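Coordinate analysis (summary)
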Amino acid sequence: MARLVLLALFSALLLATAITTSEAFSKTVKAPYQAHRPKKLTHLHFYFHDIVSGAKPTTAIVAVGPTTNTSASAFGMVVVIDDPLTVGPEITSEEVGRAQGMYASADQKSFGLFVAFNLVFTKGEFAGSTASLYGRNPVMSKVREMPIIAGTGAFRFGRGYAQARTFTFNTTSGNAVVEYNVYIWH
């Protein structure tokens, strides 16, 4: 009996020691690099070219759901993209980057996309940097706002938002040009 009491006390002491020495789930820390505290707000303006048809499409449908073809919103369709980003609305204007990632029709009632892609900048001051856009794009709205949740290079620790407006949409080909205004704290 004494052994059981000693074993119980020892176990309780061991458990109490383990609990008090474990680390918390999260804690606030000082910025690891002084240079990476958000210091400025950058505004980027470009045009996104979603080319779904023609000789060189920049999108590929990689999955459809069992009701995608009968759904009014194409629910369940998943598309991978590598879309050019240009200075002007014409596809021939200077390319400044690519939008690489995916979007999926995630709304059963209206045409709303879940988007997850990187804005990969290839020219200018931000060449080699990326910004990650992740959120809901209610395509039929005049202006759509989506969050910028991270970045690399000049946009490391970046956060902000993007506003998208459809510039043109061809109902025959399905091709679209979307104007983006992106604001990033970095």
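Conventions adopted
Counting starts from 1 at the beginning of each chain's written sequence and moves along it residue by residue. For this predicted model, a pLDDT threshold of at least 70 governs which residues receive local features, and a threshold of 80 or more governs which side-chain atom pairs are given and counted, while totals over whole chains, interfaces and linings are taken from all residues. Calculated side-chain values reflect all of the structure's heavy atoms, with hydrogen atoms and water omitted. If DSSP finds at least two bridges between two strands, the strands pair. Secondary structure elements follow DSSP: runs of H or I of four or more residues count as helices, runs of E of two or more count as strands, with numbering from the N terminus. A 1.4 Å probe rolled over the protein chains alone gives each residue an accessible area, and that area as a share of the maximum for its type sets the label: buried under 20%, exposed over 50%, partly exposed in between. By the convention used here, residues are in contact when the closest approach between their heavy atoms is within 4.5 Å. Residues belong to one nonpolar core when they are buried, are Ala, Val, Leu, Ile, Met, Phe, Trp, Tyr or Cys, and are joined through side-chain atoms within 4.5 Å. A pair of aromatic rings is counted whenever rings of Phe, Tyr or Trp (Trp by its six-membered ring) have centres within 6.5 Å, and the orientation is called stacked for planes under 30 degrees apart, edge-to-face for over 60 and tilted otherwise. Should a side-chain nitrogen of Lys or Arg be within 4 Å of a carboxyl oxygen of Asp or Glu, the pair is scored as a salt bridge.

Pairing between strand S5 (residues 112-121) and strand S6 (residues 130-138): nine bridges, direction antiparallel. The residue of S6 that forms the bridge with glycine 112 is proline 138. Across four bridges, the pairing between S6 and strand S7 (residues 144-152) is antiparallel. Of the residues in S7, the one forming a bridge with threonine 130 is threonine 152. With antiparallel pairing between neighbouring strands as the criterion, S6 and S7 make up a hairpin whose turn holds five residues.

All right, on to the side chain of threonine 59 then. Within the secondary structure, threonine 59 is located in strand S2 (residues 59-63). Residue classification places threonine 59 among the buried positions, given a relative accessible area of 15%. When sequence neighbours within four positions are dropped, the list of residues in contact with threonine 59 reads Asp50, Ile51, Val52, Val79, Val80, Ile81, Asp83 and Tyr103.

In this structure, Phe46, Phe117, Leu119, Phe121, Tyr180 and Val182 are the most contacted members of the largest nonpolar core, which totals 28 residues. Sorting the residues of this core by element identifies strand S1 (41-50), strand S3 (78-86), strand S4 (95-105), S5, S6, S7, strand S8 (159-169) and strand S9 (176-185) as the ones contributing at least two each. In terms of residue count, the dominant contributor to this core is S5 (five residues). Excluding residues that lie within four positions of it along the chain, phenylalanine 117 makes contacts with Phe48, Ile81, Ala99, Gln100, Gly101, Met102, Ala131, Ser132, Leu133 and Tyr180.

Applying the stated rule across the entire model yields nine aromatic pairs. Residues phenylalanine 46 and phenylalanine 121 carry aromatic rings whose centres are separated by 6.2 Å and whose planes lie at 70 degrees to one another, so their mutual orientation is edge-to-face. Here phenylalanine 46 is found in strand S1, whereas its partner phenylalanine 121 is found in strand S5, with 75 residues between them in sequence. When sorted by exposure, phenylalanine 46 lands in the same class as phenylalanine 121, which is buried. Connected via pairs of aromatic rings, a cluster forms that spans Phe46, Phe48, Phe117, Phe121, Phe126, Phe155 and Tyr180.

This part takes up the pattern of salt bridges. For the coordinates displayed, the defined rule picks out four salt bridges. Measuring nitrogen to oxygen at the nearest pair gives 3.8 Å for the salt bridge that ties lysine 40 to glutamate 125. Note that lysine 40 is positioned in the loop between helix H1 (2-21) and S1 and glutamate 125 in the loop between S5 and S6, a separation of 85 residues in sequence. Here aspartate 82 makes a salt bridge to arginine 98, at a shortest N to O gap of 3.0 Å. In this pair, aspartate 82 sits in strand S3 while arginine 98 sits in strand S4, placing the two residues 16 residues apart along the sequence. Residue aspartate 82 is classed as partly exposed on the basis of its relative accessible area of 31%. Several salt bridges share partner residues, and in doing so they unite Asp82, Glu95 and Arg98 into one network.

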